[in-house]
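# Summary of the model geometry
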Amino acid sequence: MATAKKAAKKSAKKPAKKPAKKPAKKPAAKKAPAKKAPAKKPAAKKSTAKRKPNAAFMKPMTPSSTLAAVIGATPMPRTDVTKKIWDYIKKNKLQDSINKRLINADEKLRSVFGGKKQVSMFEMTKLVSNHLK
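These remarks concern the structure in this document. Just so we're clear, the structure is a prediction, and the values are computed from it rather than from any experiment.

### Overview of the environment of Gly114
Structurally, Gly114 is set in the loop between helix 5 (107–112) and strand 2 (118–120). Judged by its relative accessible area of 65%, Gly114 falls in the exposed class. Once the C-alpha coordinates of Gly114 and Asn130 are considered, the two residues, 16 residues apart in sequence, prove to be 10.0 Å apart.

What follows is the structure, given as structure tokens:
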């Protein structure tokens with residue numbers, strides 16, 4: 001009986017507990033699968049030999065008559081054509097003084113550049129390729 005009285009006193013003193021509200025759980029963020037490291041390739045041996053030039057660049061090309069007035073009429077590879085044009089530009093000081101990427105054309109180069117007075121160095125190679133056969 002004593003235990004019944006104690007139990008009654010405990011229940012009388014303490015009001016019934018309400019279950020505490022737990023904050024809503026956010027769904028766990030999905031992690032991206034771990035990336036595997038690529039397999040290591042064996043180190044390539046460094047060769048002391050020079051690189052072989054591309055055969056397409058080394059094929060002799062014949063310049064047109066307008067381009068021949070600047071670089072000469074003999075057939076030569078594209079690489080030599082570009083070198084000769086740059087030699088001509090530097091010899092005659094045709095590079096723009098402010099923006100070195102621009103080339104100011106004189107009468108000979110203007111016919112090669114399709115009548116343009118000023119051409120960028122990147123556009124120049126495209127225009128010169130039209131004069132090679």
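### Looking at unusual backbone geometry
The phi angle at Lys93 is positive, at roughly 55°, despite the residue not being glycine. With respect to the secondary-structure elements, Lys93 resides in the loop between helix 4 (78–91) and strand 1 (102–104).

### What to know about the pattern of salt bridges
Applying the stated criterion across every chain yields a total of two salt bridges. A salt bridge links Arg110 to Glu107, with the shortest nitrogen-to-oxygen separation between them at 3.5 Å. Here the residue Arg110 and the residue Glu107 both occupy positions in helix 5, the gap between them amounting to three residues, near one helical turn. By relative accessible area, which is 25% here, Arg110 ends up partly exposed. In this structure, Glu123 engages Lys116 in a salt bridge whose closest nitrogen and oxygen atoms are separated by 2.4 Å. The exposure class assigned to Lys116 is partly exposed, which follows from its relative accessible area of 36%.

### Some points on the nonpolar core
Ranked by size, the top nonpolar core spans 21 residues in total, and within it Leu109, Phe113 and Met124 carry the most contacts. By residue number, the principal contributor to this core is helix 4, which donates five residues. The residues touching Leu109, leaving out its near neighbours within four places in the chain, are Val70, Tyr88, Ile89, Leu94 and Ile103.

### Details of helix 4
Along its 14 residues, helix 4 runs 20 Å from first to last C-alpha, staying within 8% of the 20 Å computed at 1.5 Å per residue. Listed in full, the buried residues belonging to helix 4 are Val81, Ile85, Trp86, Tyr88 and Ile89. Buried residues in helix 4, looked at end-on, bunch into an arc of 155°, giving them a common side. Turned more than 90 degrees from where helix 4 packs its buried face, Lys83, Asp87, Lys90 and Lys91 sit exposed. Looking at the buried positions of helix 4, the neighbouring elements they touch are helix 3 (65–71), strand 1, helix 5 and helix 6 (121–129). Of the residues one or two after helix 4, Lys93 is the one with positive phi, at around 55°.

### Quick word on the side chain of Asp96
Tracing the backbone through its elements, the reader meets Asp96 in the loop between helix 4 and strand 1. Buried and unpaired, Asp96 has no salt bridge, with Lys100 as the nearest side chain of opposite charge at 8.4 Å. A distance of 3.1 Å separates a polar side-chain atom of Asp96 from the backbone nitrogen of Asn99. Those residues in contact with Asp96, other than ones at most four positions away along the chain, are Leu102, Asn104 and Gln118.

### Some details on the packing of helix 4 against helix 6
For the pair helix 4 and helix 6, interaxial distance at closest approach is 11 Å and the crossing angle is 125°. Between helix 4 and helix 6, the interaxial angle falls into the category oblique. Two packed elements cross with a definite hand, and for helix 4 against helix 6 that hand is right-handed. Contacts from Arg78, Val81, Ile85, Trp86 and Ile89 in helix 4 reach Met121, Met124, Val128 and Ser129 in helix 6.

What counts and how
Residues numbered from 1 in each chain as written. Predicted model: local features only at pLDDT ≥ 70, side-chain atom pairs only at ≥ 80, totals over all residues. Heavy atoms only, no water. Helix = DSSP H or I, 4+ residues; strand = E, 2+ residues; numbered from the N terminus. Buried < 20%, exposed > 50% of the residue type's maximum accessible area, 1.4 Å probe, protein only. Salt bridge = Lys/Arg side-chain N within 4 Å of Asp/Glu carboxyl O. Core = buried A, V, L, I, M, F, W, Y, C linked by side-chain atoms within 4.5 Å. Contact = heavy atoms within 4.5 Å. Expected span 1.5 Å × (residues − 1). Arc of directions from axis to C-beta. Lys, Arg positive; Asp, Glu negative; His and termini not counted. Polar contact = N/O pair within 3.5 Å; in protein donor to acceptor, adjacent residues only side chain to side chain. Axes fitted to C-alpha atoms, helices over the stretch in contact; angles between N-to-C directions. Parallel < 35°, antiparallel > 145°, perpendicular 65-115°, else oblique. Left-handed = near helix turned anticlockwise from the far one by under 90°.

All we've got here are geometric facts, nothing functional implied.
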